[in-house]
Amino acid sequence: MTWLITGGAGYIGAHVARAMTDAGERVLVLDDLSAGHPARLPSGIPLVEGSSLDGDLLKRVLAEHAVTGVVHLAARKQVGESVAQPTRYYRENVGGLTTLLETVAEAGIKRFVFSSSAAVYGNPDVDLITEDTGCAPVNPYGETKLAGEWLVRAAGRAHGIATVCLRYFNVAGAAAPELADTGVFNIVPMVFDRLTRDEAPRIFGDDYPTPDGTCIRDYIHVADLAEAHLAAARRLTAADASGDLTVNIGRGEGVSVRELITVIGEITGDRRPAVVEARRPGDAPRAVASAALAAEELGWTARRGVREMVESAWQGWLLHHGG
Ligand SMILES: NC(=O)c1ccc[n+]([C@@H]2O[C@H](COP(=O)([O-])OP(=O)(O)OC[C@H]3O[C@@H](n4cnc5c(N)ncnc54)[C@H](O)[C@@H]3O)[C@@H](O)[C@H]2O)c1
């Protein structure tokens, strides 16, 4: 097997590339480096600099490297940006996927893993989100992920490609400091950023119908997430692999914003109290995965907890931002 990992120089993709290489898989990476860093890749992994929108390049890469499976992570991922620039998000996320699937089908590749997101669900009012919970994304980013899933499943059926769509919940942490998320878009780096600027962490709303009034999320260590990709790849490598699987990747445990900020305070040693600000529009009170299907279908369960996520993310923050 040779796996093409698109977006493999990104935060999650580099973890996937490393986990798959460590497990003995042959991988190569395609990344346009718009948000990725080549230094994240373990030595020896070929990197092709280019876009998933470039069909001719994809065709060449698939043929030259005799690719037999694809893990597609390349995408734009900022919710706010997707609201401001919806056409760009549809063009790059859905358009890039369309081009990729066309070349994959043409090349006769039969295995495909797609990075989806809990954003496909929108804000369902349920205790645990199962894969049967209705999808109603509340922003263009989530829409591109849901449209992407439809496309992956339809192309899979039409061309006999076995597919897995992984719906990631809230990703955090790093397997090594140099692999850490360098963006400041998610809650853990956002709190680190505030502390580094000598400012109090912010909580957006403490009057939600949750035990401590703050929003509850399901945080997943990126190293566990990378292992989920490996499990998906292994499932697709089985001789009788066929059909499609769409599965949540979370821990099945809710952690409130206040609880997370307390852990961050303990690990950074900066326990200044958070300031409470107004709710942000579109934030659901609770979004926690049912992790049962992933255990059943992929034989995968997250092993790392929130403390490990925050500790490893902090080491990465210190490396990249000089703390
Ligand atoms: N980080 C999260 O919390 C999270 C949650 C759910 C889903 N996801 C999804 O996981 C995937 C990876 O996210 P990430 O956090 O590693 O983001 P990231 O921005 O670090 O990585 C994305 C990588 O893709 C590359 N890229 C973007 N568009 C490209 C294109 N058209 N062609 C080639 N390369 C391209 C970027 O240069 C970058 O290296 C994305 O599909 C994202 O939507 C992320």
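Residues numbered from 1 in each chain as written. Predicted model: local features only at pLDDT ≥ 70, side-chain atom pairs only at ≥ 80, totals over all residues. Heavy atoms only, no water.

### Some remarks on the site of the ligand
Rules: We call a residue near a given molecule or strand whenever any one of its heavy atoms falls within 4 Å of it. Whenever two N or O atoms come within 3.5 Å, that pair is a polar contact, provided that in protein one can donate a hydrogen and the other can accept it, and provided that, for residues adjacent in sequence, both atoms are side-chain atoms. Each helix is a run of DSSP H or I of at least 4 residues and each strand a run of E of at least 2, with the numbering of both proceeding from the N terminus.
The environment of the ligand is made up of 28 residues, and the closest members are Ile12, Asp31, Leu73, Tyr141 and Lys145. Separating a nitrogen atom of the ligand from a backbone N or O atom of Ser52 is a distance of 2.9 Å. For the ligand, an oxygen atom lies 2.7 Å from a polar atom in the backbone of Leu73. Broken down by secondary-structure element, the contributors of at least two residues to the shell around the ligand are α1 (11-22), β5 (111-117) and α5 (140-159). By residue number, the principal contributor to the shell around the ligand is β5, which donates three residues.

### Considerations on α1
In plain terms, the rule: In this scheme, a helix's expected span is set at 1.5 Å multiplied by one less than its residue total. Buried residues are those whose accessible area, probed at 1.4 Å on protein chains only, stays under 20% of the maximum for their type, while exposed residues exceed 50% and partly exposed ones sit between those limits. Between two residues, a contact is recorded if the distance between any of their heavy atoms is within 4.5 Å.
Taking 1.5 Å of rise per residue, twelve residues should cover 16 Å, and α1 covers 17 Å from first to last C-alpha, within 8% of that figure. The element α1 is largely enclosed, with a buried count of nine among its twelve residues. All of the buried residues along α1 are Tyr11, Ile12, Gly13, Ala14, His15, Val16, Ala17, Ala19 and Met20. Where the residues of α1 are buried, they touch β1 (2-6), β2 (26-31), β4 (69-72), β6 (162-168), β7 (170-172) and α7 (222-237). The first or second residue beyond α1 is Gly24, which carries a positive phi of 95°.

### Description of the packing of aromatic side chains
Our working rule: To pair, rings of Phe, Tyr and Trp, with the six-membered ring standing in for Trp, must have centres within 6.5 Å; the planes then decide the type, stacked if under 30 degrees apart, edge-to-face if over 60, and tilted in the middle. Here, a charge over a ring is recorded when the distance from Lys NZ or Arg CZ to the ring centre is within 6 Å and its angle to the ring normal is within 35 degrees.
With the rule as written, the count across this model stands at three aromatic pairs. With centroids separated by 6.3 Å and ring planes inclined at 40°, the aromatic side chains of Tyr121 and Phe169 adopt a geometry described as tilted. You can see Tyr121 sitting in the loop between β5 and α5 and its partner Phe169 sitting in the loop between β6 and β7, a full 48 residues away along the chain. Assigned by exposure class, Tyr121 and Phe169 land together as buried. Ring pairs connect the aromatic residues Phe192, Trp314 and Trp317, which therefore count as one cluster. Sitting over the face of the ring of Tyr208, Arg279 holds its NZ or CZ atom 4.0 Å from the ring centroid.

### Focus: the packing of helix α2 (residues 55-64) against helix α4 (residues 86-107)
Our working rule: Only the contacting stretch of a helix is used when fitting its axis, a line to C-alpha atoms as for every element, and angles between N-to-C directions run 0 to 180 degrees. Working rule for handedness: look at the near helix, and if it is turned counterclockwise from the far one by less than a right angle, call the crossing left-handed; if clockwise, right-handed. Three classes are used: nonpolar for Ala, Val, Leu, Ile, Met, Phe, Trp, Tyr, Cys and Pro, charged for Asp, Glu, Lys and Arg, and polar for all others, with Gly counted as polar.
Where α2 contacts α4, the axes come no closer than 9 Å and their chain directions differ by 35°. Pair α2 / α4 crosses with right-handed handedness. Residues Gly55, Leu58, Lys59 and Leu62 of α2 touch α4, and the partners they reach there are Thr99, Leu100, Thr103, Val104, Glu106 and Ala107. Broken down by class, the residue content of the contact of α2 with α4 amounts to five nonpolar, three polar and two charged.

### A few points about the sheet that holds β5
Rules: Between any two strands, at least two bridges found by DSSP are needed for them to pair.
Read from one edge to the other, the open sheet built from seven strands follows the order β3-β2-β1-β4-β5-β6-β11, with strand pairing classed as parallel. In the strand order of this sheet, the two ends are held by β3 (47-49) and β11 (244-249), each with one partner. Strand after strand, the sheet turns through a mean of 20° between neighbouring axes, direction not considered. As paired strands, β1 and β2 are joined by five bridges and run parallel to one another. For Leu4, the partnering residue across the bridge sits in β2 and is Leu28. α7 rests against β1, β4, β5, β6 and β11 of the sheet, and its axis sits at about 165° to β6.

### Points about the nonpolar core
Worth spelling out the cut-off: Throughout this description, the term nonpolar core refers to a set of buried Ala, Val, Leu, Ile, Met, Phe, Trp, Tyr and Cys residues connected via side-chain atoms within 4.5 Å. Start and end points for every domain follow an automatic or database-based domain assignment.
Residues Ile5, Ile12, Met20, Leu166, Ile249 and Leu298 are the most contacted members of the largest nonpolar core, which totals 36 residues. Taken together, the elements giving at least two residues each to this core come down to β1, α1, β2, β6, α7, β11 and α9 (292-298). Broken down by element, the residue count for this core peaks at nine residues, all from α7. When we break this core down by domain, the ones giving at least three residues each are domain 1 (2-171 + 219-249) and domain 2 (173-217 + 251-321). Look past the residues within four positions of Met20 in its chain and what remains in contact with it is Trp3, Ile5, Glu25, Val27, Val71, Leu230 and Ala233. In terms of nonpolar packing, the next biggest core, distinct from the first, is built from 22 residues, Ala172, Phe192, Ile203 and Ile267 among them.

### Describing the state of the cysteines
Defined as follows: Any pair of cysteine sulfurs within 2.5 Å is marked as a disulfide.
Inspection of every chain in the model, using the stated rule, returns zero disulfides. Cys165 carries a free sulfur, and the closest cysteine sulfur to it, the one in Cys135, is 10 Å from it.

### A few points about the pairing of β4
Residues in a regular strand project their side chains so that they alternate between the two faces of the sheet. Across the two faces of β4 the burial is the same, with Gly69 and Val71 and Val70 and His72 all buried. Direction of pairing for β1 relative to β4: parallel, over a ladder of four bridges. Across the sheet, Trp3 pairs through a bridge with Gly69, a residue of β4. Pairing between β4 and β5: three bridges, direction parallel. The residue bridging Val70 from the neighbouring strand is Phe112, located in β5.

### Details of the domain arrangement of the protein chain
Basically, it comes down to this: Summed over both partners, buried area is the accessible surface (1.4 Å probe) that two parts give up on being assembled. Any Lys or Arg side-chain nitrogen located within 4 Å of an Asp or Glu carboxyl oxygen qualifies as a salt bridge.
Here the protein chain is described as being made up of domain 1 (2-171 + 219-249) and domain 2 (173-217 + 251-321). The straight-line distance from the C-alpha centre of domain 1 to that of domain 2 is 23 Å. Listed per partner, the contact involves 36 residues of domain 1 and 37 residues of domain 2. For the domain 1 and domain 2 pair, buried surface summed over both sides reaches about 3300 Å², with 58% attributable to carbon and sulfur atoms. Of all residues in domain 1, Tyr219, His221 and Asp224 bury the most surface against domain 2, accounting for 25% of the area lost on that side. Viewed at the interface, domain 2 and domain 1 are joined by six salt bridges. For Arg304, the salt bridge goes to Glu227, with nearest N and O atoms at 3.2 Å. Taken together, the connections running from domain 1 to domain 2 amount to 16 residue pairs in polar contact (both at pLDDT 80 or more). Where the side of domain 1 that touches domain 2 is concerned, the elements lending two or more residues are α1, β7, β10 (219-221), α7 and β11. It is α7 that provides the largest number of residues to the side of domain 1 that touches domain 2, a total of eight residues. For the side of domain 1 that touches domain 2, the per-class residue count stands at 19 nonpolar, nine polar and eight charged.

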